[in-house]
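Observations on the model geometry
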Amino acid sequence: MPRTLVEKIWERHVVLREPGRPDLLYIDLHLVHEVTSPQAFEALRENGRRVRRPDLTVATMDHDVPTDPRPIQILDASARQQLEVLAQNCRDAGIRLYDLDSPEQGIVHVIGPELGLTQPGMTIVCGDSHTSTHGALGALAFGIGTSEVEHVLATQCLWQAPPKTLELRFDGALGFGVTAKDLILYTIGRIGTGGATGHVIEYTGPAIRALSMEQRMTVCNMSIEAGARAGLIAPDETTVAYLRGRRFAPSGAAFEQAAAGWLALASDAGARYDRSLVIDAAEVAPQVTWGTNPGMVTEVTGRVPDPASFADAGARRSAELALAYMGLKPGVAIEDIALDRVFIGSCTNARLEDLQAAAAVVRGRKVARGVRAMVVPGSQQVKAAAERLGLDRVFRDAGFEWRESGCSMCLGMNPDLLQPGERCASTSNRNFEGRQGAGGRTHLVSPAMAAAAAIAGHFVDVREWQA
Amino acid sequence: MKPFTTLTGVAAPLDRANVDTDQIIPKQFLKRIVRSGLRDGLFFDWRRDPAFVLNQPAYRQARILLARETFGCGSSREHAAWALKDFGILALIAPSFADIFYNNCFKNGMLPAALPAAQVDRLFAAAAAQPGLELTVDLAGQTIRGPAGEFRFEIDAYRKQCLLEGLDDIALTLQHAAAITAFEQARR
Ligand code: SF4
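Quick caveat: nothing in here was measured; it's all calculated off a predicted structure.

A word on the overall build of chain A
The secondary structure content of chain A amounts to 16 helices and 19 strands. For a compact globule of 467 residues, the expected C-alpha radius of gyration is about 23 Å, and chain A comes in at 21 Å, within 12% of that figure. By its C-alpha atoms, chain A is 55 × 55 × 45 Å across when sized along the principal axes. Expressed as a percentage of the 467 residues in chain A, the buried residues total 66%. A fraction of 76% describes how many contacts in chain A between residues 6 or more apart in sequence connect residues 24 or more apart. Total accessible area on chain A stands at roughly 15600 Å², and carbon and sulfur atoms take up 50% of it.

Focus: the sheet that holds strand E9 (residues 164-171) of chain A
Residue and element names in this part refer to chain A. The strand order across the open sheet formed by four strands is E11-E10-E9-E12, and the pairing between neighbours is parallel. The strands lining the two open edges of the sheet, one partner per strand, are strand E11 (230-232) and strand E12 (275-280). Going from strand to strand, the sheet's axes swing by 20° on average, the running direction of each strand aside.

Considering the nonpolar core
In terms of nonpolar packing, the biggest core is built from 113 residues, with Phe395, Phe400 and Phe459 of chain A together with Phe43, Phe71, Leu84 and Leu92 of chain B touching the most fellow members. A per-element tally of this core places helix H15 (residues 447-456) of chain A first, with eight residues. If sequence neighbours within four positions are ignored, Phe71 of chain B has contacts with Leu14, Val19, Ile24, Phe43, Leu65, Leu84, Leu92, Ala94, Ser96, Phe97, Ala98 and Phe101 of chain B. In this structure, Leu183, Val219, Ala228 and Val284 of chain A belong to the second largest nonpolar core, which totals 39 residues.

Things to note about the pairing of strand E5 (residues 134-138) of chain B
All names here are of chain B. Counting buried residues in E5 gives four out of five residues, a clear majority hidden from the surface. The pairing of strand E1 (residues 6-13) with E5 spans five bridges and is classified as antiparallel. Counted as the bridge partner of Thr8 is Thr136 from E5. By the bridge criterion, three bridges tie E5 to strand E6 (residues 143-146) in an arrangement that is antiparallel.

Considering the site of the ligand
Residue and element names in this part refer to chain A. Inspection of the region around the ligand gives His63, Ile107, His109, Asp128, His130, Ser346, Cys347, Cys407, Cys410, Leu411, Asn429 and Arg435 as its neighbouring residues. Among the detected pockets, the ligand sits in the largest cavity. Of the residues that constitute the shell around the ligand, the class distribution is five nonpolar, five polar and two charged.

Section: the environment of Gln257 of chain A
Residues and elements named next belong to chain A. For Gln257, the position within the fold is in helix H10 (residues 253-263). The exposure class assigned to Gln257 is exposed, which follows from its relative accessible area of 65%. A C-alpha to C-alpha distance of 39 Å links Gln257 and Ile191, two positions 66 residues apart in sequence.

Some points on the confidence of the model for chain B
In the predicted model, chain B carries a mean pLDDT of 96, and 100% of its residues have values of at least 70. Per the prediction output, this complex has pTM 0.97; the corresponding ipTM is 0.96.

Digging into the packing of helix H2 (residues 38-46) of chain A against helix H3 (residues 77-93) of chain A
Residues and elements named next belong to chain A. At a minimum axis distance of 10 Å, the contact between H2 and H3 shows a crossing angle of 45°. Comparing the axis directions of H2 and H3 gives the class oblique. The chirality of how H2 crosses H3 is left-handed. Touching Pro38, Phe41 and Arg45 of H2 are Gln82, Val85 and Asn89, all from H3.

What to know about the interface of chain B and chain A
Put simply, an interface is often sized by how much accessible area is lost when its parts join up. Residue-level contacts link 49 residues of chain B with 66 residues of chain A. Both sides together, the interface formed by chain B and chain A hides about 4600 Å², and carbon and sulfur atoms give 54% of it. Linking chain B with chain A are eight salt bridges, by the criterion used here. One salt bridge in this structure joins Asp22 of chain B and Arg435 of chain A, with 3.1 Å as the shortest N-O distance. The tally of links between chain B and chain A comes to 33 residue pairs in polar contact (both at pLDDT 80 or more). Mapped by element, the contributors of at least two residues to the side of chain B that touches chain A are helix H1 (21-24), helix H2 (79-87), helix H3 (99-107), helix H6 (169-174) and helix H7 (177-187) of chain B. Per-class residue counts for the side of chain B that touches chain A are 18 nonpolar, 13 polar and 18 charged.

What counts and how
Residues numbered from 1 in each chain as written. Chains lettered and ligands numbered in written order. Predicted model: local features only at pLDDT ≥ 70, side-chain atom pairs only at ≥ 80, totals over all residues. Heavy atoms only, no water. Helix = DSSP H or I, 4+ residues; strand = E, 2+ residues; numbered from the N terminus. Rg over C-alpha atoms; globule rule 2.2 N^0.38 Å. Buried < 20%, exposed > 50% of the residue type's maximum accessible area, 1.4 Å probe, protein only. Contact = heavy atoms within 4.5 Å. Areas by Shrake-Rupley, 256 points an atom, 1.4 Å probe, with all protein chains shown as cover. Pairing = 2+ DSSP bridges. Axes fitted to C-alpha atoms, helices over the stretch in contact; angles between N-to-C directions. Core = buried A, V, L, I, M, F, W, Y, C linked by side-chain atoms within 4.5 Å. Near = heavy atom within 4 Å. 1 Å grid on protein atoms, 1.4 Å probe; cavity = no way out; pocket = protein on both sides within 12 Å on 5 of 7 lines; lining within 4 Å. Sits in = over half its atoms within 2 Å of the grid points. Nonpolar A, V, L, I, M, F, W, Y, C, P; charged D, E, K, R; others polar. pLDDT = per-residue confidence, 0-100. Parallel < 35°, antiparallel > 145°, perpendicular 65-115°, else oblique. Left-handed = near helix turned anticlockwise from the far one by under 90°. Buried area = accessible area lost by both parts, 1.4 Å probe. Salt bridge = Lys/Arg side-chain N within 4 Å of Asp/Glu carboxyl O. Polar contact = N/O pair within 3.5 Å; in protein donor to acceptor, adjacent residues only side chain to side chain.

Given below as structure tokens:
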């Protein structure tokens, strides 16, 4: 029987299957960070259990870390404690850790692919919802809670029921100036934040095939914002080319052998998905969110919607609450929304191509008066590569802050925060109330759109700028 | 883990859709290294409003949360489940839950029960008519009972059993250590 990519990966990882219960699924790679792991290690200790496969577990420091020049003195005592506890837990268990002294430290979902740890066909988990990012390389990767982190540490397995599958097929091609970020924001706007709940998304179609590996990561990253636990893309030549020469990817003859296996990993013709949806990529324009979830999104040339225009009472009320929080009036043109801050960063959009796209817009221009703009590379390697290309100078000359790698203002667990009422164009993934700082107002956009907004001081249609 | 069987208690109505885990427990409470003591962080920003449902005397002892669709969306932070439990909420009723949050509840002996939206509407109406309304959630019988009637919810049989028996699933998995080892060896 023809099978989907998800079914193929799943079947290869079933350790135990018994009627009346979920499958026991083997996990190939477990990524760990400081925020969701301390309670898991603590419980292991309390119960006298050990980490079964420290060699399949990799840790980094990202969520809490300040982005000031290193070496840093961490002033926040709880953040410092959390980082120290992670370091101790990794030492005790023999887990490899990319700490703040490491030239490979970075956001967990940036360094996994970058180091070649993430490979096609793998099962990957992390105590973090954006683990879906790794699906870009054809891995089945999903976020878990701390109790499951503990379970994986102890057993290298998880009890999981096979997920339902949703095929999102993108026909056609993205227009000029339209990016992977716009494509995924547009999709979430269409299917809603709960649109893929209970499903794993497989992204297919020519518009997906045409994306670079880093752009595919942006798409898969935000699968969770559509409610899916995972999103993936079948490996192809782009995937193989990306992995060649990466630190933890196989090398030499072993690489060629692995690559042949990766390329064979695809959904069979005629495989059945539980649901399918076709989207014309040519319909997608640059997107800007106006509300407090990523589904509240419209085109840059659009207007803030009138809550009264929503037929459903629940949606109307949600829109009213969102506009009140965002300090926006119905009917305002998106391009008339003025900004206080711009954040280019996060596991959605802080890889080298993202910074190149932003720098191309910024080059030779200046950040608008009254706007504070910062770039936070996704990893130390991204930062170093960008500096080799001179992008740091482009940003600095324009008036951007150029900072050290970490999650930073994506969730504001470090000192990078919005002040109450401040309005920010952000390349991150969540515009929830208070996400970037209590009372802060977040608009999600692509890196090029964020860069253009920093220069103009308000949103602009980057297609006109680049033309 | 404490088994979950039947729970009777006050149901607090939280009338908002897409309540995300950043609202349930904001980031500043994620810097803890223990699971306990998160009660004060629960809905921290919204609780600054004296009119917020959990601030009202009728709901300070709430054991059940009545919510709208896609409750618990966003981050995987299990702190959201821990904070609700620390407040005293052991069961949640909504038309739908986000996957990771849903899963995290079971790991903490909490029951998230999904009901059709029309039935949740009726429970909201009942709660509005009678603040401090009590409901009974019966896991074995898969029902929710109250003045608005009796509603049946669906739940995966395995999850139900784990909750009813308060099973430690790591201990359970470790009984299969031989199968895991065999799997690892076969893949070498
Ligand atoms: S960058 Fe943001 S979304 Fe990504 S892992 Fe860090 S906090 Fe989570």
